[in-house]
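Architecture at a glance
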Amino acid sequence: MDHRPPRTAIGHVRGTTDDLTRLSKRSPSSTIVIKLGTSSIVHEETHQPLLSILSSVVETVVNLRSHGHKVVLVSSGAIGVGLRTMDIPQRPKSLSKKQALSAVGQGRLIALWDNLFGQFDQRIAQILLTRGDISDRTRYLNAVNTLKELLSMGIVPIVNENDTISVSEIKFGDNDTLSAITSCMIHADYLFLLTDVDGLYTANPRKDPAARKIDIVTSVADIRAQVSTSTLGSNLGTGGMETKLIAAEIATGAGVTTIITSSKMPSTIVDIIDYYTSLRLSSRPSSGTSSPVPKLQTIDLEHVNSSLNLKRPPHTVFKPSPVPVRDLKAWTSHTLYPAGGVIIDCGAHAVLSRRESGGRLLPVGVLGVRGSFASGQAVRILIRCLPEGTVADISEGRSRSTGPDKAGHVYSEVSLSRRTSSSSLVGDLESDTQTIMDDDLHVTHCSEESDSWEVKEVGRGLANYNSVQISRVKGLNSSRIPQLLGYADTEYVVENITIRIPVN
């Protein structure tokens with residue numbers, strides 16, 4: 001008689017929760033980032049530290065560490081602790097006062113964490129960052145190496161924004177964003193955003209009894225239309241649900257599974273990791289344990305869970321992108337403050353929207369430049385908003401006019417197929433000469449108008465030439481770069497482009 005456990009309809013072994021938990025303990029260790037907001041660290045009115053929550057977080061982190069996981073804690077709360085220390089009733093509005101309170105509170109905050117973790121003989125390290133710290137590629141890589149070295153030493157890094165020296169231009173905006181960028185830096189497996197509710201709801205559950213929790217999100221862009229993000233967080237914090245959606249978009253784009261759950265029960269984090277580990281292990285092909293454990297983004301979570309009948313811990317999961325962006329592109333898109341912009345035509349936009357483009361822009365696809373920037377700086381990738389009556393036909397590689405715009409200009413039919421093809425770099429001399437003449441006419445026509453165009457950002461990249469140089473070669477064949485600039489380091493004017501808004 002065959003005493004093996006029955007197989008489900010999808011070919012997986014059905015087991016009890018205890019069986020799957022034992023299996024999960026033999027799974028590879030994960031790198032986990034946990035973000036804790038100010039409202040979870042100090043009381044909103046008295047500013048007293050919420051020791052019960054903090055102690056539970058510490059116990060959870062120590063528990064995760066005992067199972068072989070690596071953990072980074074992103075902790076807000078410096079200003080909140082500073083308010084208590086200085087006996088100030090409410091968060092000030094002036095930047096200098098907030099920076100002073102942060103300087104007072106940060107020391108006490110890290111001392112509090114050190115005391116709590118010290119009860120379990122767990123060493124910690126403090127890392128304070130600003131966007132300016134990691135906007136330089138070398139400093140960014142140094143921060144990455146430091147974080148990875150600390151994790152390899154068994155230390156729990158505690159990350160916070162360095163509010164004492166941050167200014168608006170180089171702030172992350174909110175520690176939700178900082179936690180997402182941190183998870184990208186260390187290629188984390190999970191990012192947990194702890195908040196005062198147990199997931200993402202269609203409306204504020206405290207005010208709307210009809211609010212419905214969303215368990216699984218596969219696309220942040222698609223889910224925005226279904227949920228209300230009007231909640232602004234606590235009086236002490238700076239974020240709300242909108243900042244968590246932004247963080248989820250950043251992290252999932254880099255391949256990080258992002259989870260929103262309640263800060264009132266931090267131990268749920270362990271249950272959630274065990275839950276997804278069990279789903280992954282049970283989705284392994286029936287050939288045996290030698291098969292690789294499938295990634296979470298490749299699993300139909302609802303189907304697998306219904307077949308296993310596991311109890312699902314309360315949370316919302318944002319599934320990671322099946323094709324994560326490379327580290328350099330993630331750095332360009334989310335850590336750099338763009339110095340200017342490059343306006344591209346619709347043909348270049350269509351090409352850059354395809355992954356096989358490599359994220360590299362030829363000068364022939366450039367219509368104009370916004371602002372002043374140096375070579376190596378981040379730039380916004382902009383497209384011109386089409387005038388009323390103009391229809392973009394990407395499939396044909398053309399933009400055709402159905403009438404004059406508001407200024408009375410008639411847009412003639414212009415072929416874009418030549419611009420978007422790299423084959424223009426080769427060919428006989430006569431054909432290339434004709435291309436250059438045509439491009440020169442195009443530049444003359446556009447140069448005076450580009451500053452007044454309405455544009456929108458569709459992506460970001462790193463400039464290989466400065467703004468003046470790109471203006472000189474815009475719309476031209478790459479073969480003209482040496483002639484006009486006197487040198488040509490590369491045929492691409494912008495590289496490492498990440499398109500956030502692809503062609504519809």
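What you see is a predicted model, and the numbers here were worked out from it, not measured in a lab.

Thresholds applied
Residues numbered from 1 in each chain as written. Predicted model: local features only at pLDDT ≥ 70, side-chain atom pairs only at ≥ 80, totals over all residues. Heavy atoms only, no water. Helix = DSSP H or I, 4+ residues; strand = E, 2+ residues; numbered from the N terminus. Buried < 20%, exposed > 50% of the residue type's maximum accessible area, 1.4 Å probe, protein only. Contact = heavy atoms within 4.5 Å. Core = buried A, V, L, I, M, F, W, Y, C linked by side-chain atoms within 4.5 Å. Polar contact = N/O pair within 3.5 Å; in protein donor to acceptor, adjacent residues only side chain to side chain. Phe/Tyr/Trp six-rings, centres within 6.5 Å; stacked < 30°, edge-to-face > 60°. Axes fitted to C-alpha atoms, helices over the stretch in contact; angles between N-to-C directions. Nonpolar A, V, L, I, M, F, W, Y, C, P; charged D, E, K, R; others polar. pLDDT = per-residue confidence, 0-100. Pairing = 2+ DSSP bridges. Salt bridge = Lys/Arg side-chain N within 4 Å of Asp/Glu carboxyl O.

Looking at the element boundaries, Ser30 is found in the loop between α1 (17-24) and β1 (31-36). Note on Ser30: relative accessible area 7%, which makes it buried. In this view, Ser30 contacts His69, Lys70, Asp189 and Tyr190; residues no more than four positions away in its chain are not counted.

Nonpolar side chains tend toward joint burial in soluble globular proteins. Core analysis: the biggest nonpolar cluster contains 44 residues, and Val159, Met185, Leu200 and Phe318 have the highest contact counts within it. Going through the elements one at a time, β2 (70-75), β3 (124-129), α6 (137-152), α7 (175-185), β5 (190-195), β6 (200-201), α8 (220-223) and α9 (241-253) are the ones with two or more residues in this core. The residues contacting Phe318, other than those within four sequence positions of it, are Leu200, Val217, Val220, Leu245, Ala248, Thr252, Val256, Thr257, Thr258 and Ile260. Ranked by size, the runner-up nonpolar core spans 42 residues in total, among them Leu36, Leu73, Tyr190 and Tyr275.

Take the environment of Gln469 next. Considering the arrangement of structural elements, one finds Gln469 in helix α15 (residues 467-473). Look at Gln469 and you get buried, because its relative accessible area is 16%. Excluding anything up to four places from it in sequence, Gln469 contacts Leu485 and Tyr487. A distance of 3.1 Å separates the side chain of Gln469 from the side chain of Tyr487, its partner in a polar contact.

Another aspect to go through is the packing of aromatic side chains. Counted under the stated rule, the structure contains four aromatic pairs. Summarising the aromatic geometry, the rings of Tyr275 and Tyr276 are spaced 4.9 Å apart at their centres and angled 75° between planes, so their arrangement reads as edge-to-face. Across the pair, Tyr276 and Tyr275 agree in class, each one buried.

Moving on to the environment of Tyr487. Along the polypeptide, Tyr487 turns up in the loop between α16 (481-485) and β18 (494-499). If near-sequence neighbours (up to four positions away) are discounted, Tyr487 is found in contact with Tyr465, Gln469, Ile481 and Pro482.

Across the interface, helix α2 (residues 51-66) lies against helix α10 (residues 268-282) with an axial gap of 9 Å and an inter-helix angle of 35°. Between α2 and α10, the contacting residues are Thr60, Asn63 and Leu64 on the first element and Ile269, Val270 and Ile273 on the second. For the contact of α2 with α10, the residue count by class is four nonpolar, two polar and no charged.

A separate point is the confidence of the model for the protein. Chain-level statistics for the protein give a pLDDT mean of 77 and a share of 73% at 70 or above. Per-residue pLDDT stays below 50 along residues 231-239; that stretch engages in 23 contacts with residues further than four places along the chain or on separate chains. Note on residues 389-448: pLDDT is under 50 here. Beyond four places in sequence and across chains, it has 82 contacts.

Moving on, we come to the sheet that holds β3. Judged by pairing direction, the sheet is mixed, and its eight strands sit side by side in the order β3-β4-β2-β1-β5-β9-β10-β8 without closing on themselves. The strands lining the two open edges of the sheet, one partner per strand, are β3 and β8 (216-217). Looking at chain direction, β2 and strand β4 (residues 156-161) are connected through two bridges and run parallel. Bridge assignment links Val74 to a residue of β4, and that residue is Val159. Sitting on the sheet, α9 touches β1, β5, β9 (257-262) and β10 (316-318), and the angle it makes with β9 is about 155°.

In terms of residue burial, β4 counts as a mostly covered element, since six of its six residues are buried. Covered by surrounding structure in β4 are Val156, Ile158 and Asn160 together with Pro157, Val159 and Glu161, the residues of both alternating faces. Bridging between β3 and β4 involves six bridges; their strand directions are parallel. If you follow Leu129 over to β4, its bridge partner there is Glu161.

Glancing now at the sheet that holds strand β12 (residues 366-370). The mixed open sheet is built from five strands, whose spatial order is β12-β11-β13-β17-β18. Among the strands making up the open sheet, the edge pair consists of β12 and β18. Each neighbouring strand pair of the sheet contributes to a mean axis angle of 35°, computed without reference to strand direction. When strand β11 (residues 340-344) meets β12, the two strands line up antiparallel, connected through four bridges. The residue of β12 that forms the bridge with Val342 is Val369.

Scanning the entire structure with this criterion turns up five salt bridges. Its salt-bridge partner being Arg312, residue Asp215 comes within 3.5 Å of it at the nearest N-O pair. Taken as a pair, Asp215 in the loop between β7 (213-214) and β8 and Arg312 in the loop between α11 (301-308) and β10 lie far apart in primary sequence, 97 residues in all. Between Glu457 and Arg380 there is a salt bridge, and its shortest N-O distance comes to 3.0 Å. On the criterion of sequence distance, the pair formed by Glu457 in strand β17 (residues 455-463) and Arg380 in strand β13 (residues 378-384) is long-range, its members being 77 residues apart. The class of Glu457 is partly exposed, set by a relative accessible area of 24%. One continuous salt-bridge network, built from bridges that share partners, spans Lys35, Asp176 and Lys244.

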